[in-house]
Amino acid sequence: MKVHDGLYIDGAWRPAEGTGTITVVNPADEEEIGRVPAGNALDVDTAVRAARAAFPGWAATPPAERAARLTALRDTLAARQEEIAETVTAELGSPLSFSRAVHVGAPLLVAGSYADLAATHAFEERIGNSTVFLEPVGVVGAITPWNYPLHQIVAKVAPALAAGCTVVLKPAEDTPLTAQLFAEAVHEAGVPAGVFNLVTGLGPVAGQALAEHPGVDLVSFTGSTAVGRRIGAVAGAAVKRVALELGGKSANVVLPSADLAKAVNVGVANVMSNSGQTCSAWTRMLIHRDRYEEAVALAATAAVKYGDRIGPVVNARQHERVRGYIRTGLAEGARLVAGGPDAPRARGYYVSPTVFADVTPGMTIAQEEIFGPVLSLLAYEDEDDALRIANGTVYGLAGAVWAADDAEAVAFARRMDTGQVDINGGRFNPLAPFGGYKQSGVGRELGAHGLSEYLQTKSLQF
Ligand code: NAD
């Protein structure tokens, strides 16, 4: 595995001003697999200056040429997909098959979609006696989490470049090696120097310096609500644009008419996938009182099957945190029907796929984001009760509804306070806007809606 000991700034790898390093650990065996520089505020400043200097040229580059660079980027990522999948597996711990299919597969789709959008989007429109130009916002400070290391990067950088913005990326501490591979791919794709820059570093140091930097016009952040709140405050004080993709506690609502076995099995798979480290995971399953025990048995059986098929959680802190939530669930009186707080292996940050029954809406495990393979089953009395429970958290990122026919599910989904809902197991759509209601965030990613985050309008009247 290749590890750079520099930062990618202005088209080249260069030593960091910061002297610290970040150790990268494989969560499956707790072995050190690399070290990357911990950039500091000076490094961030150098990177922002490079992005600022590159901005006028890139903004003026015809959209067709920006599309060509994005196509080249997509092709470079595709050519190196095995190396990327292995790197994600090494630093995140997900099984290699999942890394190939999802951690690399999804970003390839997203990068391809922005190559298309850059070429086809109307960056100019007529409204009556006005011509409205959609112009790039400027320099983007992108701050990403570790749970989908490449997807989170591509979901910000690809639309930013398509719009004509330049970028400084500060990736998560746990997964910087995937970010380095991405920077190499950008370089190979012929993206001009300074258009994309990478500063690895600690959140409260490099991340904060990036969010606060006066040369950054838009902060695009994905991560926890706690940090997002702080970044929103900093951006607000500077009257700077901000996009926040934050936490979730999504509801999977199984209406009485649904195919229960299908809904439960897909629901369990959704929560266990990526070891539960998915912000949009449907971690609360809502079942009608009459079919509740049937669903509990199905969910417990399904979860056990994931026992040795899921990877570890990302690091020792998450390992403690997730198992702490399981202990809290027990202490608050939920009924454990699969898994539990004990570490299933002596080495590696593994957590047993866990299912709780008899979870009530006020319990901690029904309210807080756990970010591990832990599912809560809640019983409801009728549809209004289900809606109250589904909407009864501070979050509103995603969700699912199951019913005998789509129309019944859609009617319920329209009443949910959430940004994205899968109807009867609907498939991932890389062009559909993704983002949260309430404290799950501000703004949208993916597709044309995601592109709009990086554009601002100028109206000319005639
Ligand atoms: P985190 O908020 O701790 O870190 C996210 C990023 O922010 C990292 O790059 C980190 O270094 C940086 N950071 C930390 N402190 C900072 C500061 N003071 N200033 C600037 N940057 C700072 O989150 P995490 O633990 O890495 O990720 C898990 C969280 O991310 C979960 O809550 C999850 O729901 C959320 N998430 C949301 C989405 C979404 O699209 N809504 C997607 C993935 C993850």
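Residues numbered from 1 in each chain as written. Predicted model: local features only at pLDDT ≥ 70, side-chain atom pairs only at ≥ 80, totals over all residues. Heavy atoms only, no water.

K.L.:
How do you make sense of the overall build of the protein when you look at a structure like this?
P.N.:
Looking only at helices and strands, one finds 15 helices and 20 strands in the protein. Its C-alpha radius of gyration of 22 Å places the protein within 12% of the 23 Å reference for a compact globule of 462 residues. Expressed as a percentage of its 462 residues, the buried residues of the protein come to 58%. When contacts within the protein are restricted to residue pairs at least 6 apart in sequence, those whose partners lie at least 24 apart make up 73%. Total accessible area computed for the protein in this model is approximately 17400 Å², and 54% of it derives from carbon and sulfur atoms. Computed over 38 positive and 49 negative side-chain charges, the separation of the two mean positions in the protein equals 2 Å. (Helix = DSSP H or I, 4+ residues; strand = E, 2+ residues; numbered from the N terminus. Rg over C-alpha atoms; globule rule 2.2 N^0.38 Å. Buried < 20%, exposed > 50% of the residue type's maximum accessible area, 1.4 Å probe, protein only. Contact = heavy atoms within 4.5 Å. Areas by Shrake-Rupley, 256 points an atom, 1.4 Å probe, with all protein chains shown as cover. Lys, Arg positive; Asp, Glu negative; His and termini not counted. Charge placed at Lys NZ, Arg CZ, Asp CG, Glu CD.)

K.L.:
What am I meant to see in the site of the ligand here?
P.N.:
Taken together, 29 residues are adjacent to the ligand, and Thr144, Lys170, Ser224, Leu246 and Glu369 come closest. Thr144 has a polar backbone atom sitting 2.7 Å from an oxygen atom of the ligand. Within the side chain of Arg230, a nitrogen or oxygen atom sits 3.3 Å from a nitrogen atom of the ligand. Taking 840 Å² as the accessible area of the ligand by itself, protein coverage stands at 92%. Taken together, the elements giving at least two residues each to the shell around the ligand come down to helix 7 (203-212), strand 10 (218-222) and helix 8 (225-237). Ranked by the residues each element gives to the shell around the ligand, the list is headed by helix 7, at four residues. (Near = heavy atom within 4 Å. Polar contact = N/O pair within 3.5 Å; in protein donor to acceptor, adjacent residues only side chain to side chain.)

K.L.:
How should the pattern of salt bridges be read in this particular structure?
P.N.:
Any two side chains of opposite charge can pair, on the condition that their charged atoms come close. If you walk through the whole model with that rule in mind, you get 20 salt bridges. In this structure, the salt-bridge partner of Glu32 is Arg35, at a minimum N-O distance of 2.8 Å. Classification of Glu32 as partly exposed rests on a relative accessible area of 43%. The exposure class of Arg35 is partly exposed, given its relative accessible area of 44%. The partner of Glu135 in a salt bridge is Lys458, with the nearest N and O atoms 3.0 Å apart. Of this pair, Glu135 sits in strand 6 (residues 130-136) while Lys458 sits in strand 20 (residues 455-461); the two residues are 323 residues apart in sequence, bridging distant segments of the chain. Assessed through its relative accessible area of 40%, Lys458 is described here as partly exposed. (Salt bridge = Lys/Arg side-chain N within 4 Å of Asp/Glu carboxyl O.)

K.L.:
Help me understand unusual backbone geometry, please; the structure alone is not making it clear to me.
P.N.:
Only a minority of non-glycine residues have a phi that is not negative, and only a minority of peptide bonds are not trans. For Asp10, which is not glycine, the phi torsion reads 55 degrees and is therefore positive. Topologically, Asp10 is positioned in the loop between strand 1 (7-9) and strand 2 (12-14). The class for Asp10 is partly exposed, based on a relative accessible area of 37%. A positive phi angle is found at Asp358, which is not glycine, with a value near 55 degrees. On the secondary structure map, Asp358 appears in the loop between strand 15 (354-357) and helix 12 (364-367). Overall, Asp358 belongs to the partly exposed group, its relative accessible area being 36%.

K.L.:
What should I look at first to understand the nonpolar core in this one?
P.N.:
Note on soluble globular proteins: their nonpolar side chains tend to be buried together. Counting 62 residues, the largest nonpolar core has Leu70, Phe182 and Phe196 as its most contacted members. When residues in this core are grouped by element, the largest group, 10 residues, is from helix 5 (residues 149-163). Per-domain counts for this core show at least three residues from each of domain 1 (2-246 + 440-461) and domain 2 (251-430). Those residues in contact with Phe196 that sit more than four places away from it in its chain are Tyr8, Val157, Val167, Leu169, Phe182, Ala183 and Val186. (Core = buried A, V, L, I, M, F, W, Y, C linked by side-chain atoms within 4.5 Å. Domains from an automatic or database assignment.)

K.L.:
Whenever I open this one, helix 5 confuses me. Can you help?
P.N.:
In an α-helix there are 3.6 residues to a turn, and that puts residues three or four apart on one side. In this model helix 5 runs 22 Å from its N-terminal to its C-terminal C-alpha over 15 residues, within 8% of the 21 Å that 1.5 Å per residue would give. Counting buried residues along helix 5, 15 of its 15 residues qualify, which places the element largely inside the surrounding structure. (Expected span 1.5 Å × (residues − 1).)

K.L.:
Got a minute to help me understand empty space enclosed by the protein in this structure?
P.N.:
A water-sized probe, rolled over the atoms, reveals where empty space remains. Applying the stated criterion across every chain yields a total of three cavities of 30 Å³ or more. The space that makes up the largest cavity amounts to roughly 80 Å³. If you go around the largest cavity, you meet 14 residues; those closest to its centre are Arg284, Ala390, Gly396, Ala398 and Thr418. (1 Å grid on protein atoms, 1.4 Å probe; cavity = no way out; pocket = protein on both sides within 12 Å on 5 of 7 lines; lining within 4 Å. Points joined across faces, edges and corners; volume = space filled by probe spheres on them.)

K.L.:
How should I be thinking about the sheet that holds strand 15 in this particular structure?
P.N.:
Strand order in this open sheet of seven strands is 14-15-16-13-12-17-18, and the pairing throughout is mixed. Because the sheet does not close on itself, it has two edges, and the strands there are strand 14 (335-338) and strand 18 (422-423). By the bridge criterion, four bridges tie strand 12 (residues 251-254) to strand 13 (residues 284-288) in an arrangement that is parallel. Paired with Asn252 across the two strands is Met285, which belongs to strand 13. Contacting strand 12, strand 13, strand 15, strand 16 (374-380) and strand 17 (399-402), helix 9 (residues 260-272) crosses the sheet at an angle of about 165 degrees to strand 13. Packed onto the sheet, helix 13 (residues 383-390) meets strand 12, strand 13 and strand 16 and runs at close to 145 degrees relative to strand 16. (Pairing = 2+ DSSP bridges. Axes fitted to C-alpha atoms, helices over the stretch in contact; angles between N-to-C directions.)

K.L.:
I'm lost on the packing of helix 1 (residues 41-59) against helix 7 in this one. Help?
P.N.:
Each pair of packed helices gets described by two things: the angle between the helix axes and the distance between those axes. Relative to each other, helix 1 and helix 7 sit at 40 degrees, their axes nearing to 8 Å. The angle between helix 1 and helix 7 places the two elements in the oblique class. Here helix 1 runs over helix 7; the crossing is right-handed. Where helix 1 approaches helix 7, its residues Ala41, Val44 and Val48 are matched on the opposing element by Ala206, Ala209 and Leu210. (Parallel < 35°, antiparallel > 145°, perpendicular 65-115°, else oblique. Left-handed = near helix turned anticlockwise from the far one by under 90°.)

K.L.:
Sorry if this is basic, but what is going on with the domain arrangement of the protein here?
P.N.:
For an interface, size is often stated in terms of accessible area lost upon the parts coming together. Under the domain assignment used here, the protein contains domain 1 (2-246 + 440-461) and domain 2 (251-430). Taken over C-alpha atoms, the centre of domain 1 sits 30 Å from the centre of domain 2. Each side of the interface is counted separately: domain 1 has 27 residues, and domain 2 has 25 residues. Buried area between domain 1 and domain 2, summed over both chains or domains, comes out near 2000 Å², and the portion from carbon and sulfur atoms is 55%. (Buried area = accessible area lost by both parts, 1.4 Å probe.)

K.L.:
When you look at the packing of aromatic side chains in this model, what are you seeing that I'm missing?
P.N.:
By convention here, two paired aromatic rings are described through the distance between centres and the angle between planes. Within this structure, the stated rule accounts for four aromatic pairs. The interplanar angle of 75 degrees and the centroid separation of 5.5 Å between the aromatic rings of Trp146 and Phe371 together place this pair among those described as edge-to-face. Of this pair, Trp146 sits in the loop between strand 7 (139-143) and helix 5 while Phe371 sits in the loop between helix 12 and strand 16, placing them 225 residues apart in sequence. Assessed through its relative accessible area of 12%, Trp146 is described here as buried. The buried category is assigned to Phe371, whose relative accessible area is 14%. Here the aromatic rings of Phe182 and Phe196 are separated by 5.3 Å at their centres, their planes lie at 80 degrees, and the arrangement is edge-to-face. Linking Phe182 in helix 6 (residues 176-188) with Phe196 in strand 9 (residues 196-198), this pair joins segments that are 14 residues apart in sequence. Pairwise contacts between aromatic rings join Tyr8, Trp13, Phe182 and Phe196 into one cluster. If you follow Arg309 out to its NZ or CZ, it ends over the ring of Tyr306, 4.6 Å from the centre. Taking the ring centre of Tyr350 as reference, the NZ or CZ of Arg345 above it sits at 3.8 Å. (Phe/Tyr/Trp six-rings, centres within 6.5 Å; stacked < 30°, edge-to-face > 60°. Lys NZ or Arg CZ within 6 Å of the ring centre and 35° of its normal.)

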